[in-house]
Amino acid sequence: QVQLVESGGGLVQPGGSLRLSCAASGIIFRFYNMNWLRQAPGKQRELVASITTGGSRSYADSVKGRFTVSRDNAKNTVYLQMNGLKPEDTAVYYCNAVGVLPGADYWGQGTQVAVSS
């Protein structure tokens, strides 16, 4: 049974930081590209950051320079360090694992991030 469990969300003031974690089980983690996506109320889900099996990173323009994605294959965990948070970063953040085989696409339950003074 595949599980992706996000943690680390919460309420933070503008300019603050949070570190999200996503712990995976039931998959061979190192063979999966990992994504962080977010969905704000009334908006479509958007891709925030990605890290490939080889460690290559990519980011949405809106978070470049503020967010950093990383992974620890020994711990089967992907992280999203979020600095300089803005109110527009408020959303539910989801972890997504994508493998090479058809159907190898798994999602976590999401963690809420709220940025407000």
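These lines cover the structure that appears in this document, whether it is placed above or below. Treat the numbers as computed from the prediction; the structure is a model and nothing was measured. (Residues numbered from 1 in each chain as written. Predicted model: local features only at pLDDT ≥ 70, side-chain atom pairs only at ≥ 80, totals over all residues. Heavy atoms only, no water.)

## A look at the nonpolar core
What tends to happen in soluble globular proteins is that the nonpolar side chains get buried as a cluster.
Item 1. In this structure, Met34, Trp36, Phe67, Val78, Leu80, Met82 and Tyr93 are the most contacted members of the largest nonpolar core, which totals 30 residues.
Item 2. Those residues in contact with phenylalanine 67, other than ones at most four positions away along the chain, are Arg38, Val48, Tyr59, Leu80, Gln81, Met82, Asn83, Leu85, Asp89 and Tyr93. (Core = buried A, V, L, I, M, F, W, Y, C linked by side-chain atoms within 4.5 Å. Buried < 20%, exposed > 50% of the residue type's maximum accessible area, 1.4 Å probe, protein only. Contact = heavy atoms within 4.5 Å.)

## Description of the state of the cysteines
Item 1. Summed over all chains, the structure comprises 1 disulfide.
Item 2. Disulfide pairing places cysteine 22 opposite cysteine 95 at an S-S distance of 2.1 Å. Torsion about the S-S bond of the cysteine 22 and cysteine 95 cystine: about -75 degrees, corresponding to left-handed handedness. In this pair, cysteine 22 is assigned in strand β3 (residues 18-25) and cysteine 95 in strand β9 (residues 91-98), connecting sequence segments 73 residues apart.
Item 3. Residue classification places cysteine 22 among the buried positions, given a relative accessible area of 0%.
Item 4. Its relative accessible area of 0% is what places cysteine 95 among the buried residues. (Disulfide = S-S within 2.5 Å. Helix = DSSP H or I, 4+ residues; strand = E, 2+ residues; numbered from the N terminus.)

## Description of the pattern of salt bridges
Item 1. Counted by the stated rule, this structure contains 4 salt bridges.
Item 2. Aspartate 61 is the partner of lysine 64 in a salt bridge, and the nearest nitrogen-oxygen pair spans 3.2 Å.
Item 3. Between aspartate 89 and arginine 66 there is a salt bridge whose closest N-O contact spans 2.7 Å. With aspartate 89 in the loop between β8 (77-82) and β9 and arginine 66 in the loop between β6 (57-59) and β7 (67-72), the pair connects residues that are 23 residues apart, well separated along the chain. You'll find aspartate 89 and arginine 66 in the same group, each marked buried.
Item 4. Connected via shared salt-bridge partners are Arg38, Glu46, Arg66 and Asp89. (Salt bridge = Lys/Arg side-chain N within 4 Å of Asp/Glu carboxyl O.)

## Observations regarding the sheet that holds β8
Item 1. Strand order in the open sheet made by the 4 strands is β1-β3-β8-β7, with antiparallel pairing throughout. The two strands at the open ends of the sheet, each matched to only one other strand, are β1 (3-7) and β7. With strand direction ignored, the average angle separating the axes of adjacent strands in the sheet is 15 degrees.
Item 2. Taken together, the 6 bridges between β7 and β8 define a ladder with antiparallel strand orientation. Paired with valine 69 across the bridge in β8 is leucine 80. (Pairing = 2+ DSSP bridges. Axes fitted to C-alpha atoms, helices over the stretch in contact; angles between N-to-C directions.)

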